[in-house]
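Listed here are the chains, written in short residue letters.
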Amino acid sequence: TGLVTYDPGFMNTANCRSEITYIDGDAGILRYRGYPIEQLAASSNYLEVSYLLAKGELPSKAEFEAFETRVLRHTHVHEDFRRLISSFPRTAHPMAIISSAVSALPGFYPEVFAVAGEDEEELATVLLLAKMPTIVAYVLRHTQGQRMLDVDPENGFVDDFLRLALHQVRGEQFGPEVVAAMDKLLVLHADHEQNCSTATVRSVGSAHTNLFLSVSAGINALSGPLHGGANEAVLTMLEEIRDDHGDAKSFVAKVKDKSSGARLMGFGHRVYKNYDPRAAIVKEAADSALEALGARDELLDIAMGLEEIALSDDYFVSRKLYPNVDFYTGLIYRAMGFPTSMFTPLFAVGRMPGWIAQWREMMHDPTTKIARPRQVYTGPGERDFVSLDAR
Ligand code: CMC
């Protein structure tokens, strides 16, 4: 059995080898398959990045077109599947419905339940990428008591997702700047090596669980407020500060007094001990997206003020706490018309390519073993059972 190392949260334990994403947390560097996140955010798009992450190389023009066409052909969901979503109470949290819906997908597409070979793996990849935005849009429709619209692949992938999700909220199509901003946010979320949800997907998948059920476990992990739930928590925090007359200083004081239990949501990261490169891109995008939407938001001013206070405060500086990707994303989603409860589902749409790529990589790595950590036992030593009457 040998010596077991106690490493809570796997701070120092690598559970896999991976060629997908490189992070240098001290320098604030993030690359997918070697390509800097700044270049991908500026010039690529969600489907191209999905291809890159899953297959390792950027597609040629013909390869990209074939992939895009195939994904667009599968964005619709079965009529019964819509009913499955509708059967949930309207008040259910969207993440609960979404994880159930993703678990249910292989029930509707039994040919992918056993992801057995290259073709099945490719089909499972396409089905998940294609149907996830539709599921998320329909869940939003359902929780708002609105009709689910039919997909229209002619619109393009991200554009049609925004239409399915928000048409009734806005009553008009979004302009290209807004569609581009959404696409960019999805690219920024696409992978982040062994974060909690991805490690969960690998852990579940290591039992040779199929891609759908592994990813659905990742969705559950993402829903936690310390992970994907943080973007929702940031908005709640900013609203709280707004309602307290915009007093960011006393909120920061409360956070520093640890007994309050409050954290500055959207700040800090296990790996980044420098500015999260994604946060820098989102901050810039927030400014221009809000302008394109004509939605100047006082919460953006509060967020920027909060960031300024924190970055010059010794508490945050000495602990190397910087804004992470979640700090500004919610402001853009809110300006687009998404309710706060949909922020984490949007993160899930973004992270889907990473979950898929990591699952696929794991399944093809001959060194993969079933995830089975050891423990340090701290319970009682051997003792004799006492029958109920004698206790
Ligand atoms: N506000 C105030 N103090 C903080 C914060 C924060 N947001 N984050 C960390 N600290 C303090 C913490 O109290 C501790 O102080 P001390 O050394 O005096 O005990 C120190 O900084 C180290 O914190 P930690 O909790 O040991 O760090 P971790 O690596 O275990 O946690 C984290 C990382 C992201 C969970 C944490 O920074 C946090 O809770 N942040 C707020 C939630 C958030 O924004 N999460 C989104 C993460 S990025 C996207 C994603 O993964 O979904």
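Residues numbered from 1 in each chain as written. Predicted model: local features only at pLDDT ≥ 70, side-chain atom pairs only at ≥ 80, totals over all residues. Heavy atoms only, no water.

### Notes on the site of the ligand
Note the threshold: Nearness here has a simple test: a residue counts as near a molecule or strand if at least one of its heavy atoms is within 4 Å of that partner. Polar contact is defined as a pair of N or O atoms within 3.5 Å, subject to the rule that within protein one atom must be able to donate a hydrogen and the other to accept it, and that residues adjacent in sequence are counted only when both atoms are side-chain atoms. In short, Shrake-Rupley with a 1.4 Å probe defines the accessible areas, and a residue's cover is counted only from the protein chains shown. Residue polarity follows a fixed list, in which Ala, Val, Leu, Ile, Met, Phe, Trp, Tyr, Cys and Pro are nonpolar, Asp, Glu, Lys and Arg are charged, and the others, Gly among them, are polar.
Close to the ligand lie 20 residues; His227, Lys258, Arg263, Leu264 and Arg270 are nearest. The separation between an oxygen atom of the ligand and a polar side-chain atom of Lys258 is 2.4 Å. Contact distances for the ligand include 3.0 Å between an oxygen atom and a side-chain N or O atom of Asn324. When the ligand is considered free in solution it has 930 Å² of accessible area, and contact with the protein chains removes 75% of it. For the shell around the ligand, the class distribution of residues is 9 nonpolar, 6 polar and 5 charged.

### Description of empty space enclosed by the protein
Just so we agree on the cut-off: Here a cavity denotes a set of grid points, spaced 1 Å apart and computed over the protein atoms alone, in which a 1.4 Å probe fits but from which it cannot get out, and a pocket denotes an open set meeting protein on both sides within 12 Å along at least five of seven lines; residues with an atom within 4 Å of a point are reported as lining. Grid points are joined across faces, edges and corners, and a volume is the space filled by probe spheres set on the points. Runs of H or I in DSSP of at least four residues are treated as helices and runs of E of at least two as strands, each being numbered from the N terminus.
Taken as a whole, this structure holds 2 cavities of 30 Å³ or more when the rule is applied. Looking at the largest cavity, its volume works out to about 60 Å³. When contributions to the lining of the largest cavity are tallied by element, the ones reaching two or more residues are helix H6 (118-143) and helix H7 (157-170). Looking at the lining of the largest cavity, the element that brings in the most residues is H7, giving 4 residues. Here the residues of the lining of the largest cavity are counted per class, giving 7 nonpolar, 3 polar and 1 charged.

### With respect to the environment of Asp80
Counted only if it meets this: In this scheme, a residue with accessible area under 20% of its type's maximum is buried, one over 50% is exposed, and one in between is partly exposed, where area comes from a 1.4 Å probe on protein chains only.
The topology assignment puts Asp80 in helix H4 (residues 79-86). By relative accessible area, Asp80 is classed as partly exposed at 34%. Within the local environment of Asp80, its side chain forms a polar contact with the side chain of Arg83, the two groups lying 2.3 Å apart.

### Focus: the packing of aromatic side chains
As a reminder of what qualifies: Centres within 6.5 Å are what make two rings of Phe, Tyr or Trp a pair, Trp counting through its six-membered ring; a difference in plane orientation under 30 degrees is then read as stacked, over 60 as edge-to-face, and the rest as tilted.
This structure, assessed with the given rule, holds 11 aromatic pairs. Geometrically, the ring pair formed by Tyr315 and Phe316 is edge-to-face, given 4.9 Å between the ring centres and 70° between the ring planes. For the pair formed by Tyr315 and Phe316, the shared burial category is buried. Taken together, the ring pairs connect Phe267, Tyr315, Phe316, Phe327 and Tyr328 into an aromatic cluster.

### So, the layout of surface pockets
Roughly 210 Å³ of volume is contained in the second largest pocket. Glu19, Arg33, Arg360, Glu361 and His364 are the residues nearest the centre of the second largest pocket, which is lined by 13 residues in total. For the lining of the second largest pocket, the secondary-structure elements that each account for two or more residues are helix H2 (46-55) and helix H17 (343-364). Sorting elements by how many residues they give to the lining of the second largest pocket places H17 first, with 4 residues.

### What to know about helix H10 (residues 211-222)
Put simply, the test is: Expected span of a helix: the number of residues minus one, times 1.5 Å. When checking whether two residues touch, look at their non-hydrogen atoms; a contact exists if any pair is within 4.5 Å.
For H10, spanning 12 residues, the distance from its first C-alpha to its last is 16 Å, which sits close to the expected 16 Å at 1.5 Å a residue. Among all positions of H10, only Leu211, Phe212, Ser214, Val215, Ser216, Ala217, Gly218, Ile219, Ala221 and Leu222 are buried. Summarising the contacts, the buried residues of H10 are in contact with helix H5 (94-108), H6, helix H9 (196-205) and H17. Where H10 begins, the side chain of Asn210 points an oxygen toward the backbone nitrogen of Phe212, at a separation of 2.8 Å.

### Brief notes about the UniProt feature "active site" (unreviewed entry) in the protein chain
To be explicit about the condition: UniProt positions are given in the numbering used here, feature names are shortened, and annotations may be inferred rather than shown by experiment.
Per the UniProt record, the feature "active site" (unreviewed entry) sits at His269 and Asp326. A stretch of 58 residues holds the annotated residues, and the largest C-alpha distance among them is 10.6 Å, short enough that they meet in one place. Tracing the chain through its elements places His269 in the loop between helix H12 (248-256) and helix H13 (277-292). There is a polar contact of 2.9 Å between the side chain of His269 and the backbone nitrogen of Val271. Ignoring any residue separated from it by four or fewer positions in sequence, one finds Asp326 in contact with His189, His227, Ala230, Asn231, Val234 and Phe347.

### Looking at the sheet that holds strand S3 (residues 35-36)
Keep this limit in mind: When DSSP finds two or more bridges between a pair of strands, those strands are recorded as paired.
Spatial ordering of the open sheet is given by S1-S2-S3, a layout of 3 strands whose pairing is antiparallel. With one partner strand each, in any of the chains shown, strand S1 (21-24) and S3 form the two edges of the open sheet. Strand direction decides the pairing type here: S1 and strand S2 (residues 29-32), joined by 4 bridges, are antiparallel. Bridge assignment links Asp24 to a residue of S2, and that residue is Ile29.

### Digging into the pattern of salt bridges
Note the threshold: Only one rule defines a salt bridge in this text: a Lys or Arg side-chain nitrogen within 4 Å of an Asp or Glu carboxyl oxygen.
Under the defined criterion, the tally for this structure stands at 16 salt bridges. Two residues, Asp365 and Arg17, come together in a salt bridge whose shortest N-O distance is 3.3 Å. Here Arg17 lies in the segment before S1 and Asp365 lies in the segment after H17, a separation of 348 residues in the sequence. Three or more residues are tied together by salt bridges with common partners; here these are Lys55, Glu121, Glu122 and Arg360.

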